[in-house]
Amino acid sequence: ASVPVETFDTVTVLKGLPSVQSGPVGTGGTVLSERDRLRFSTGKIFRGRTGGGVESNGFVRDAFADLAAGAEQGYARAIGAWKEADNYDDGNGNPVRSAFKTKSGDVTLAWTPDQDSFLSLGFTADRERDEVCAVGRQPTQPRHQAGNR
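All of the points below concern the structure found in this document. What you see is a predicted model, and the numbers here were worked out from it, not measured in a lab.

Examining the overall build of the protein chain
Step number 1: Helices and strands together make up the secondary structure of the protein chain, namely zero helices and nine strands.
Step number 2: The N-to-C order of helical and strand elements in the protein chain reads β-β-β-β-β-β-β-β-β.
Step number 3: Counting the 149 residues in the protein chain, one finds 20% classified as buried.
Step number 4: Restricting the contact set of the protein chain to residue pairs at least 6 apart, pairs at least 24 apart contribute 45%.
Step number 5: Accessible surface, the protein chain as shown: approximately 10,600 Å² in total, 54% of it carbon and sulfur.

In structure tokens form, the structure reads like this:
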């Protein structure tokens, strides 16, 4: 849900109803995010990329790391991401509830027996906490406080 787009090699947007090759979809379309096979050569067994940023509206902070190690016969790759935002005040000084926290992680192990073949096994986990739309609460409902009913 919140894996950084920088960690994908190809992102394709399919408008409308695509073919069954893309799996179950919504009526608006499908977003395909794909990663290519990593290739390692002798002497270059590590690769990595990190990034992050800050946005002023809601003080959004985010960071990610994409790290891999491998050889010609296979590799291991780990991707981690974190993003967090606070509530903010609108132009009239009224508080706007928009806070959230999200973390995601992805681990892939791949076997690459030759130049044209590879087999990969991956695991992805996402954890999100939305301060506005917590379970059972609509965005327009006042925040529940203990002791008030």
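Digging into the sheet that holds strand S9 (residues 117–130)
Step number 1: Spatially, S3-S4-S5-S8-S9 is the arrangement adopted by the five strands of the open sheet, whose pairing is antiparallel. Two strands lie at the open edges of the sheet, namely strand S3 (46–55) and S9, each paired on one side alone. Across the sheet, the mean angle separating the axes of adjacent strands is 5° when strand polarity is ignored.
Step number 2: As judged from the eleven bridges shared by strand S4 (residues 60–71) and strand S5 (residues 74–85), these two strands associate in the antiparallel manner. Looking at the pairing, alanine 71 lines up with glycine 74 of S5.

Some remarks on the side chain of aspartate 106
Step number 1: Along the chain, aspartate 106 turns up in strand S8 (residues 100–114).
Step number 2: Judged by its relative accessible area of 8%, aspartate 106 is buried.
Step number 3: There is a polar contact of 3.2 Å between the side chain of aspartate 106 and the side chain of threonine 108.
Step number 4: Not counting the four nearest positions on each side in its chain, aspartate 106 is found in contact with Arg35, Arg77, Ala78, Ile79, Phe123 and Thr124.

Details of the layout of surface pockets
Step number 1: If you add up the space inside the second largest pocket, you get close to 150 Å³.
Step number 2: Lining the second largest pocket are Asp9, Asp36, Arg37, Leu38, Arg47, Gly48, Arg49, Asp66, Leu67, Ala68 and Arg77.
Step number 3: Elements supplying a minimum of two residues to the lining of the second largest pocket: S3 and S4.
Step number 4: Within the lining of the second largest pocket, the residues separate by chemical class into three nonpolar, one polar and seven charged.

Let's talk about the environment of valine 31
Step number 1: Assignment of secondary structure puts valine 31 in strand S2 (residues 29–34).
Step number 2: With 16 residues separating them along the chain, valine 31 and lysine 15 place their C-alpha atoms 8.8 Å apart.
Step number 3: Setting aside residues up to four positions removed in sequence, valine 31 forms contacts with Val11, Thr12 and Val13.

Focus: the packing of aromatic side chains
Step number 1: A full pass over the atoms with the stated rule returns one aromatic pair.
Step number 2: Ring centres of phenylalanine 40 and tyrosine 75 lie 6.0 Å apart, and the angle between their planes is 45°; on these two criteria the pair is classed as tilted. In this pair, phenylalanine 40 sits in the loop between S2 and S3 while tyrosine 75 sits in strand S5, placing the two residues 35 residues apart along the sequence.
Step number 3: The buried category is assigned to phenylalanine 40, whose relative accessible area is 8%.
Step number 4: The residue whose ring lies beneath arginine 47 is phenylalanine 40, and the NZ or CZ to ring-centre distance is 4.7 Å.

Quick notes on the pattern of salt bridges
Step number 1: Counted under the stated rule, the structure contains six salt bridges.
Step number 2: Note that aspartate 106 is salt-bridged to arginine 35, the shortest N-O span being 3.8 Å. One end of the pair, aspartate 106, is in strand S8; the other, arginine 35, is in the loop between S2 and S3, with 71 residues separating them in the sequence.
Step number 3: A salt bridge links glutamate 84 to lysine 101; the nearest nitrogen and oxygen atoms lie 3.9 Å apart.

Cut-offs used in this document
- Residues numbered from 1 in each chain as written.
- Predicted model: local features only at pLDDT ≥ 70, side-chain atom pairs only at ≥ 80, totals over all residues.
- Heavy atoms only, no water.
- Helix = DSSP H or I, 4+ residues; strand = E, 2+ residues; numbered from the N terminus.
- Buried < 20%, exposed > 50% of the residue type's maximum accessible area, 1.4 Å probe, protein only.
- Contact = heavy atoms within 4.5 Å.
- Areas by Shrake-Rupley, 256 points an atom, 1.4 Å probe, with all protein chains shown as cover.
- Pairing = 2+ DSSP bridges.
- Axes fitted to C-alpha atoms, helices over the stretch in contact; angles between N-to-C directions.
- Polar contact = N/O pair within 3.5 Å; in protein donor to acceptor, adjacent residues only side chain to side chain.
- 1 Å grid on protein atoms, 1.4 Å probe; cavity = no way out; pocket = protein on both sides within 12 Å on 5 of 7 lines; lining within 4 Å.
- Points joined across faces, edges and corners; volume = space filled by probe spheres on them.
- Nonpolar A, V, L, I, M, F, W, Y, C, P; charged D, E, K, R; others polar.
- Phe/Tyr/Trp six-rings, centres within 6.5 Å; stacked < 30°, edge-to-face > 60°.
- Lys NZ or Arg CZ within 6 Å of the ring centre and 35° of its normal.
- Salt bridge = Lys/Arg side-chain N within 4 Å of Asp/Glu carboxyl O.

The quantities given are spatial measurements derived from coordinates; they are silent on function.
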